[in-house]
Amino acid sequence: MTLLKYYQLPLQLILCIVTLQSGVDSSSKLELKHTLDQKESDGIKVKVDVYYEALCPDSRSFIVRQLDQAWEEIPNLFFINYIPYGKAFTWYDEEKKTYTFQCQHGPRECEGNKVHCCANNHIEDPNIKFQYIRCMMEDNYNPTNAAKRCAREYSEVNVDRILKCAEGKEGDELLAHAGQLNSKLRPKMTFVPTIELSNDVKSNVRTLYNLKSDICKLYQGRRPGSCFA
């Protein structure tokens, strides 16, 4: 079993790069759903890529405060891609064709990240998906319990399907792909969460506390009154 590839970052922050090596059959790998653009009748929506961790306190704060406020007040101006990985490692055993992960906040976070990956891929409705992920982030220490608890609040969610995904090969492949997306960040991740607005992470610190304002500034179309409230 080998570590696929990684970089040593300043201050001992390590970011795993999970680009599949030659000899690994990548054709059968599943991918995290990741939308590149969406258009509305009034303009082009802002793409909000959220690179986070299931047990990260700062990720929780951003999702339940900043992202929640923006989704409540200006939902038609942006769409969200969820990339739950953060400062993790990925190993791939080419002989057994299995993955092993090491996450910043331990094994439970890896479990939680897989649940979030599977929720991202198996919930189609954007609003239900956001509300479900937000609900889990409020208390995500036990990922399975969080998934079941939040499914009771949102009956549209097929929690059995999500947990089956998270506990099997599908969850492994989705988490590995989340790591691959994470590795493409420019500049590289130095803080979790990292928020990319329409492919720009230069103002990440400001965006963490002013998401709604930044989305309104970037939206290409007629801005609603809520942008000025």
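Note: the structure precedes this text.
Residues numbered from 1 in each chain as written. Predicted model: local features only at pLDDT ≥ 70, side-chain atom pairs only at ≥ 80, totals over all residues. Heavy atoms only, no water.

Trainee: I would appreciate a short explanation of the overall build of the chain in the present structure.
Mentor: In terms of regular secondary structure, the chain is built from eight helices and eleven strands. Looking at the chain residue by residue over its 229 residues, the buried ones come to 53%. Carbon together with sulfur atoms contributes 47% to the accessible area of the chain, which is approximately 11500 Å² in total. (Helix = DSSP H or I, 4+ residues; strand = E, 2+ residues; numbered from the N terminus. Buried < 20%, exposed > 50% of the residue type's maximum accessible area, 1.4 Å probe, protein only. Areas by Shrake-Rupley, 256 points an atom, 1.4 Å probe, with all protein chains shown as cover.)

Trainee: Explain the pairing of strand S7 (residues 78-84) to me, please; I cannot follow it from the model alone.
Mentor: Looking along a regular strand, one sees the side chains alternate between the two faces of the sheet. Among the seven residues in S7, seven count as buried, and that is most of the element. Every second residue of S7 is oriented toward a common face, with Phe 78, Ile 80, Tyr 82 and Pro 84 on one face and Phe 79, Asn 81 and Ile 83 on the other, all of them buried. Pairing geometry for strand S6 (residues 46-52) and S7, over seven bridges, is parallel. Residue pairing in the sheet places Tyr 52 in a bridge with Pro 84 of S7. Handedness of the crossover is the feature at issue here: the chain leaves S6, passes through helix H1 (residues 57-73), returns alongside S7, and the resulting connection is right-handed. (Pairing = 2+ DSSP bridges. Right-handed = clockwise from strand over helix to strand, strands pointing away.)

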